[in-house]
Amino acid sequence: TRTQPVQFTSDVFGDTPATARTYISMTCFQGEHLVFGQVGKQGALFRINDPQQTSTWSTGSAVCSAALMYQVMQGSVDAVFMVDSVSFEVTE
């Protein structure tokens, strides 16, 4: 439910280069409307219950997705890769 923050942990041991910076990207949609978006380190709290972060999400449920990403330099370019993702519904 939306009354508590969400927190993600994962094990990427061996799935990413040693120099990679890993993070979680979470988004929530009501239909086509983005009502929540946040990027954080693994273990960070995603405060889906904070009105300041979800000002367009007043009521109702939303379909959310969290992706485990990593970023690494490839030459002179920052490259971003998705390791895995999960979708879930958040209800009031």
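Residues numbered from 1 in each chain as written. Predicted model: local features only at pLDDT ≥ 70, side-chain atom pairs only at ≥ 80, totals over all residues. Heavy atoms only, no water.

A. Representation of the pairing of strand β5 (residues 62-74). The pairing of strand β2 (residues 21-30) with β5 spans 9 bridges and is antiparallel. Pairing of Tyr23 across the sheet is with Met69, part of β5. (Pairing = 2+ DSSP bridges. Helix = DSSP H or I, 4+ residues; strand = E, 2+ residues; numbered from the N terminus.)

B. Seen up close, the sheet that holds β5. Within the open sheet, the 4 strands sit side by side as β3-β2-β5-β6. Their pairing is antiparallel. Each edge of the open sheet is held by one strand with a lone partner, namely β3 (33-40) and β6 (77-90). If you compare each strand with its neighbour and ignore which way they point, the axes differ by 20° on average. (Axes fitted to C-alpha atoms, helices over the stretch in contact; angles between N-to-C directions.)

C. Quick peek at the pairing of β3. Pairing of β2 with β3 involves 7 bridges; the strand directions are antiparallel. Note that in β3 the partner of Thr27 across the bridge is Gly37. Linking β2 back to β3 in an antiparallel pair, the connection comprises 2 residues, with Gly31 at a positive phi of about 65°.

D. Examining the nonpolar core more closely. The biggest cluster of nonpolar side chains holds 15 residues, and the ones touching the most others in it are Phe8, Met26, Cys28, Phe36, Phe46, Ile48 and Trp57. If you list the elements that add at least two residues to this core, you get β2, β3 and β5. With 4 residues, the single largest contributor to this core is β5. Those residues in contact with Phe8 that lie beyond four places of it in its chain are Ile24, Met26, Gln42, Gly43, Ala44, Phe46, Ala66 and Phe88. (Core = buried A, V, L, I, M, F, W, Y, C linked by side-chain atoms within 4.5 Å. Buried < 20%, exposed > 50% of the residue type's maximum accessible area, 1.4 Å probe, protein only. Contact = heavy atoms within 4.5 Å.)

E. Looking closely at the environment of His33. Inspection of the secondary structure assignment puts His33 in strand β3. For the pair His33 and Trp57, spaced 24 residues apart in sequence, the C-alpha to C-alpha distance is 9.2 Å.

F. Focus on the side chain of Gln71. With respect to the secondary-structure elements, Gln71 resides in strand β5. Under the relative-accessibility criterion, Gln71 is labelled buried at 19%. At a separation of 2.9 Å, a polar atom in the side chain of Gln71 contacts the side chain of Asp78. (Polar contact = N/O pair within 3.5 Å; in protein donor to acceptor, adjacent residues only side chain to side chain.)

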